[in-house]
There are 4 protein chains.
Amino acid sequence: MPLSPEQQAEIDAQRSAPSQTLRATAPGMEKHLYTAHPVLDHGFVRVIDYMGDDAAICQAARVSYGKGTKSVSNDEGLIRYLMRHWHSTPFEMCEIKLHVKLPVFVARQWIRHRTANVNEYSARYSILDREFYIPAPDALAAQSEVNNQGRGKALEGDEAQRVLKYLTEDAMRCYDHYEEMISDVGQQGLARELARMNLPANIYTQWYWKVDLHNLLHFLRLRADAHAQYEIRVYAEEICKLVADWVPFAYRAFEDYRMGGATLSATALDCIRRMVKGEKVTQETSGMSKGEWREFEGLFA
Amino acid sequence: MPLSPEQQAEIDAQRSAPSQTLRATAPGMEKHLYTAHPVLDHGFVRVIDYMGDDAAICQAARVSYGKGTKSVSNDEGLIRYLMRHWHSTPFEMCEIKLHVKLPVFVARQWIRHRTANVNEYSARYSILDREFYIPAPDALAAQSEVNNQGRGKALEGDEAQRVLKYLTEDAMRCYDHYEEMISDVGQQGLARELARMNLPANIYTQWYWKVDLHNLLHFLRLRADAHAQYEIRVYAEEICKLVADWVPFAYRAFEDYRMGGATLSATALDCIRRMVKGEKVTQETSGMSKGEWREFEGLFA
Amino acid sequence: MPLSPEQQAEIDAQRSAPSQTLRATAPGMEKHLYTAHPVLDHGFVRVIDYMGDDAAICQAARVSYGKGTKSVSNDEGLIRYLMRHWHSTPFEMCEIKLHVKLPVFVARQWIRHRTANVNEYSARYSILDREFYIPAPDALAAQSEVNNQGRGKALEGDEAQRVLKYLTEDAMRCYDHYEEMISDVGQQGLARELARMNLPANIYTQWYWKVDLHNLLHFLRLRADAHAQYEIRVYAEEICKLVADWVPFAYRAFEDYRMGGATLSATALDCIRRMVKGEKVTQETSGMSKGEWREFEGLFA
Amino acid sequence: MPLSPEQQAEIDAQRSAPSQTLRATAPGMEKHLYTAHPVLDHGFVRVIDYMGDDAAICQAARVSYGKGTKSVSNDEGLIRYLMRHWHSTPFEMCEIKLHVKLPVFVARQWIRHRTANVNEYSARYSILDREFYIPAPDALAAQSEVNNQGRGKALEGDEAQRVLKYLTEDAMRCYDHYEEMISDVGQQGLARELARMNLPANIYTQWYWKVDLHNLLHFLRLRADAHAQYEIRVYAEEICKLVADWVPFAYRAFEDYRMGGATLSATALDCIRRMVKGEKVTQETSGMSKGEWREFEGLFA
């Protein structure tokens, strides 16, 4: 249960007081506002604010391309055209602000996306809560044998039990000592900015994260991908659902051109030309390395 | 008159159809939405959208600093504290989207501020209108004799007449030829992407410009400054009025700490210490160069 | 002739005084340093400085991926892997600084790439030279009849003569008046920051432009593309040659995966699968719009 | 001892093989290249590459301001002028690439500076070493009683012993379990991307960090400041020494205008004017809050 009764009360209050505005509103997004969508065991994603909608993307494109956009008469067609030709600036005209609660090791991956605004809870100023990510049994996976950065099947039996025991006990013991070290009862009390160093990377933190739609889609392409680490992918997938309700035309174009699409090299395009003509192309005759060929085959299997 | 009847009708329509929203709204900003505020002879600034308000700045700060911000209990005090200590991220949580019509030579200065999103009218796709900035008599200034980048008194008499004649006639002639070159009546017609090169830098362009509050305030500090070129300063001043109505606490703090404040060097601080003790400090005894001393004296004249 | 004798003498001096350094050096780039490569009628590109080489890209990747990169043993293979999987950060570890002289309307397109550092010659402080871009006959093209943003065949006969006459005479007249307005002989003299507004967009400016390799390749992908405007494409093509000599492995991977490659949508991938199986796919059965289909066909024609 | 014999041998090899280059070289920086400067108990900073020097800053400024910079004839004077007037772009023309080894909780603060390029060691791909930051006795400080984000005196006696014991034992136990969980001897072995979550924030990581001089100075102003957390400040101070040897003019200007300077509000400037005239100003008559006044007094104590 990620939210305290106080937080839930605050959300209920925010959701009960609509205002009038002259700005563009996205009805699909209004219904998500403030609501915490649970992710992992203690995390969540909730939308705090947004700017723009599908029409705002088109409006910006029409300022740029003026009469040149008249030929694409409907909004969805224009958005597909913009996505297909990598026109990024109209998508930058939409913005979203999220409140996210997430484990520190996920936050460390996430923050690598630099073109965003962040306000993170500071463990220098404040005390972190006793909340740690402990994987569910099916997420407790073995190292992949073929992929240095991936995972394989779920751990089984004793090994799974032992890992869960370590993760849980180490987290609890580290947190106990954290609390004890910062206590000022009968002692000076260690500075919070130092005590936090004893906390493992599965502790939860939270932040406000604000990003434009273009950069958000780039983030989602990488992090909602099947090769992303499961623990960040579930956040990305939750955000995908929000975006689908916010800017449905842009999201559908994103699914077609980015998530479901692929970038092929000149060499790969040439192989396709040969294959379409009926030639049987193999790795040896493809001009690709084994790794490239495996990925190429994966697309057309 | 910067707006066509069609544009005015569009604005009237946008202003007449409020929606309900659960987002934070800034009443002071709602009254400006879509309205074109005239700048220079054909330019304007109008707010298309905004995200956040003074409370959103505080909300973000309180996520970061958690219980640490409790000691500053009221919102204006907290905002002043954040501004004084250069905490930029809470101000980044507000965003504004403007539609601006401006001369090309102003646009060239403006775009140097890179941390913003821009969709500009494209003269590659579309035909520019016959609208040029011609300075009003009091803005038709001579080169400053002391400042390489500044201007002095207004030109007078024949010289002023001659300059106005050149600016006006050259603009009209260049535009006549632009139109003639792109015409496809009885000829092939030059490509628009080439014909535009004949247009002088006082022609008007327009763009959507979206920026967060932190970067906007940085822009305003530099461009609403007395040393900024008049033609960009009038835009900055118009935007200042909008910001003052949007986030009044942040704007007041900005006026006190940035616009009206000054950054002093270690050397200058030392001079002040001596002056406060009653010492008479001169340029020779200050440790400053002549240029620095002149600026220092200007602050305390 | 883009360089004055003084500039050529300065370049000769810079090229005659090598220093010793412990930094990574790229022999292919050293031979280009400072040399002005002519572009258009008065423009040029010259390399002022660079940081890193192919080995620096691999070194950075190996810091990130540690033992995980051991499996890709050779540098070129690793660079191809990084490019194929959109790993951008290792390419950001190389940096280049160029001195570019270019027409203002080209500069306006170029500056839209925001992730770069720029110092442009200031017409507020200084006086621009009388140098304008006048297209060569084969670059004096008509508006495309099918593409709003493109150009068609070269203009012919009288029309070409007339256009050249307009471009040349308007540039000269505007510059004459610019000079006359800023003159302080027998008059006050208009401020330079105002006088510059009378200059058409084919006047030359110059800047220092510093960018990392990842962002440079993104720029080159868009601007060396066949759809880019000719006047910026020739700059991009000149830079491509420099990059090929600087980081040959990275450049070859870029040519294969970016310049010669293509991004295909989920719909397009599905069509390919059907075509490889021998199905005859048409626009009607493809699920693509006419525009998309035309581009898809272009790839496999 | 932060470096393994292999690393030291690599550094020795890199330092023994100078090349010839036509690029600008900074002799003061060449002597630092590759050398690991120790920071904290296991960390270091070392320069991998750099671009530009003091002369490059001036060269870029002179491109921008052309003849306008002639009035400031010497390089140091020009650099001071640029720093004083917040001209950031010439400083962006220098770039530095560092290899840094640092505790994760320091890395988390550091990465908040977004305008930089980073390649971090990936604990998803590779196995982290058993190296943890354990504060030296004088850095083992109590929470400040007056400052939510600061620290007070060093812990004493039993409390200090207890804290050191917790930090050391928890780190060792968590690392033991990390090793045991990823082991594939007699078990499947947990995925590295999961096992890393058991490691506390004082474990060391490392990265390549590349940044331009303008953004580096901004980082140093905040992180070499007396209010910065000690554990990041020692890195900033080490980098300050490198910068002082690299671009001595720029560094001296930075010390005078930024590190030793102060930004005063309009209200504060007014108080100074009154004080210089001999008036006795108190907090009550200053127009400042208590917090502001305390900081103001601190400057002139």
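Conventions used here
Residues take numbers from 1 onward in each chain, read along the sequence in its written order. Starting at A for chains and at 1 for ligands, labels are handed out in the order in which the entities are written. Where totals are concerned, whole chains, interfaces and linings use all residues; where local detail is concerned, this predicted model gives features only for residues with pLDDT of at least 70, and gives and counts side-chain atom pairs only at 80 or more. Water and hydrogen atoms play no part in the side-chain values, which are based on all heavy atoms of the structure. The secondary structure listing takes helices from DSSP runs of H or I that are at least 4 residues long and strands from runs of E that are at least 2 residues long, numbered from the N terminus. When accessible area is computed with a 1.4 Å probe and restricted to protein chains, residues below 20% of their type maximum are described as buried, those above 50% as exposed, and intermediate ones as partly exposed. The contact definition used throughout considers only heavy atoms, calling two residues in contact when any of these lie within 4.5 Å. Exposure was quantified through the Shrake-Rupley algorithm and a 1.4 Å probe, taking into account, for residues, occlusion by the shown protein chains and nothing else. For the purpose of charge, His is not counted, nor are the chain termini; Lys and Arg are scored as positive and Asp and Glu as negative. All charge positions are set by atom: Lys at NZ, Arg at CZ, Asp at CG, Glu at CD. Strands pair, by our definition, only if DSSP identifies at least two bridges between them. Interaxial angle, 0 to 180 degrees, is taken between N-to-C directions of lines fitted to C-alpha atoms, where a helix line uses only the stretch in contact. Take the accessible area each of two parts loses on contact, using a 1.4 Å probe, and add the two losses: that sum is the buried area. By convention in these notes, a salt bridge is any Lys or Arg side-chain nitrogen within 4 Å of a carboxyl oxygen on Asp or Glu. Pairing of N or O atoms within 3.5 Å defines a polar contact, subject to two protein rules: one partner must be a possible hydrogen donor and the other a possible acceptor, and residues neighboring in sequence count only if both atoms are side-chain atoms. In this classification, the charged set is Asp, Glu, Lys and Arg, the nonpolar set is Ala, Val, Leu, Ile, Met, Phe, Trp, Tyr, Cys and Pro, and all remaining amino acids, among them Gly, are polar. UniProt positions are given in the numbering used here, feature names are shortened, and annotations may be inferred rather than shown by experiment. Per the annotation, domain bounds derive from an automatic or database assignment of domains.

K.L.:
Please clarify how the overall build of chain A should be interpreted in this entry.
P.N.:
Check the secondary structure of chain A and you find 13 helices and nine strands. Buried residues in chain A amount to 61% of all 301 residues. Partitioning the intrachain contacts of chain A with sequence separation of at least 6 by distance along the chain shows that 68% fall at a separation of at least 24. Carbon and sulfur atoms form 52% of the exposed surface of chain A, whose accessible area is close to 11,600 Å². One way to put it: in chain A the 36 positive side-chain charges average out to a point 7 Å from where the 41 negative ones average out.

K.L.:
How should the sheet that holds strand 4 (residues 95–103) of chain A be read in this particular structure?
P.N.:
Whenever strands of a sheet pair, they do so through backbone hydrogen bonds, lying parallel or antiparallel. Residue and element names in this part refer to chain A. With antiparallel pairing, the five strands of this open sheet are ordered in space as 2-3-4-8-5. Both outer strands of the open sheet, strand 2 (37–39) and strand 5 (117–120), are each paired with one neighbouring strand and no more. Averaged over all adjacent pairs, the angle separating strand axes in this sheet is 25 degrees, with direction ignored. Bridge count between strand 4 and strand 8 (residues 204–212): nine bridges; the pairing is antiparallel. Bridge assignment links Lys97 to a residue of strand 8, and that residue is Lys210. Sitting on the sheet, helix 8 (residues 213–223) is in contact with strand 4 and strand 8, with an inclination near 125 degrees to strand 8.

K.L.:
Just checking my understanding: could you explain the interface of chain D and chain A for this structure?
P.N.:
In many analyses, interface size is given as the accessible surface area lost on bringing the parts together. The interface of chain D with chain A comprises 60 residues on the first partner and 60 residues on the second. Contact between chain D and chain A buries roughly 5,500 Å² in total, counting both sides, with carbon and sulfur atoms accounting for 48%. Taken together, chain D and chain A are joined by four salt bridges. Where A:Arg151 meets D:Glu193, a salt bridge forms, and the shortest distance between an N and an O atom there is 2.6 Å. One can count 42 residue pairs in polar contact (both at pLDDT 80 or more) joining chain D with chain A. Elements supplying a minimum of two residues to the side of chain D that touches chain A: helix 5 (104–110), strand 5 (117–120), strand 6 (141–143), strand 7 (151–154), helix 6 (157–182) and helix 7 (192–195) of chain D. The element contributing the most residues to the side of chain D that touches chain A is helix 6 of chain D, with eleven residues. Grouping the amino acids of the side of chain D that touches chain A by side-chain chemistry returns 28 nonpolar, 15 polar and 17 charged.

K.L.:
Before we go on, may I ask you to explain the interface of chain C and chain D in this structure?
P.N.:
Listed per partner, the contact involves 51 residues of chain C and 51 residues of chain D. Taking both partners together, chain C and chain D bury about 4,700 Å²; carbon and sulfur atoms supply 51% of that area. The largest per-residue losses of area from chain C upon contact with chain D belong to C:Leu22, C:Arg23 and C:Met51, which jointly make up 19% of the total buried on that side. Joining chain C to chain D, the criterion identifies four salt bridges.

K.L.:
Looking at this structure, how should I read the side chain of D:Arg23?
P.N.:
Structurally, D:Arg23 can be placed in the loop between strand 1 (19–21) and helix 2 (27–30). Side-chain polar atoms of D:Arg23 contact the side chain of D:Thr21, separated by 3.0 Å. Residues within four places of D:Arg23 in sequence aside, it is in contact with C:Ser19, C:Thr21, C:Arg23, C:Ala24, C:Thr25, C:Glu30, C:Leu33, C:Tyr34, C:Asp49, C:Tyr50 and C:Met51.

K.L.:
How should I be thinking about the UniProt feature "binding site: FAD" (unreviewed entry) in chain A in this particular structure?
P.N.:
All names here are of chain A. According to UniProt, the feature "binding site: FAD" (unreviewed entry) maps to Thr89, Arg112, His113, Arg114, Glu120, Asp212, Leu213, His214 and His218 in the numbering used here. A stretch of 130 residues holds the annotated residues, and the largest C-alpha distance among them is 27.3 Å, long enough that they do not meet in one place. One can find His113 in the loop between helix 5 (104–110) and strand 5. By relative accessible area, His113 is classed as buried at 15%. Look past the residues within four positions of His113 in its chain and what remains in contact with it is His218, Phe219, Leu222 and Arg223. For His218, a relative accessible area of 36% corresponds to the partly exposed category.

K.L.:
Explanation requested: the pattern of salt bridges in the structure shown.
P.N.:
Where side chains of opposite charge bring their charged atoms close, a pairing between them can arise. Throughout the structure, instances matching the rule amount to 96 salt bridges over all chains. In this structure, the salt-bridge partner of A:Asp270 is A:Arg273, at a minimum N-O distance of 3.9 Å. Within this pair, A:Asp270 and its partner A:Arg273 are both found in helix 11 (residues 266–276), separated by three residues, close to a single helical turn. Its salt-bridge partner being B:Glu237, residue B:Arg233 comes within 3.6 Å of it at the nearest N-O pair. Of this pair, B:Arg233 and B:Glu237 both sit in helix 10 (residues 230–246), four residues apart, roughly one helical turn.

K.L.:
When you look at the domain arrangement of chain A in this model, what are you seeing that I'm missing?
P.N.:
Partitioning chain A into structural domains gives domain 1 (5–132 + 202–261) and domain 2 (267–300). Centre-to-centre separation of domain 1 of chain A and domain 2 of chain A, based on C-alpha positions: 36 Å.

K.L.:
Honestly, the UniProt feature "binding site: dUMP" (unreviewed entry) in chain A in this entry has me stumped. Any pointers?
P.N.:
Residues and elements named next belong to chain A. What UniProt calls "binding site: dUMP" (unreviewed entry) maps, in this numbering, to Gln109, Trp110, Ile111, Arg112, Glu120, Tyr121, Ser122, Ala123, Arg124, Arg196 and Arg223. These annotated residues cover 115 residues of sequence, and their C-alpha atoms sit far apart, with the largest distance between any two at 28.8 Å. Summarising the element assignment, Trp110 is placed in helix 5. On the basis of relative accessible area, Trp110 is assigned to the buried category, the value being 0%.

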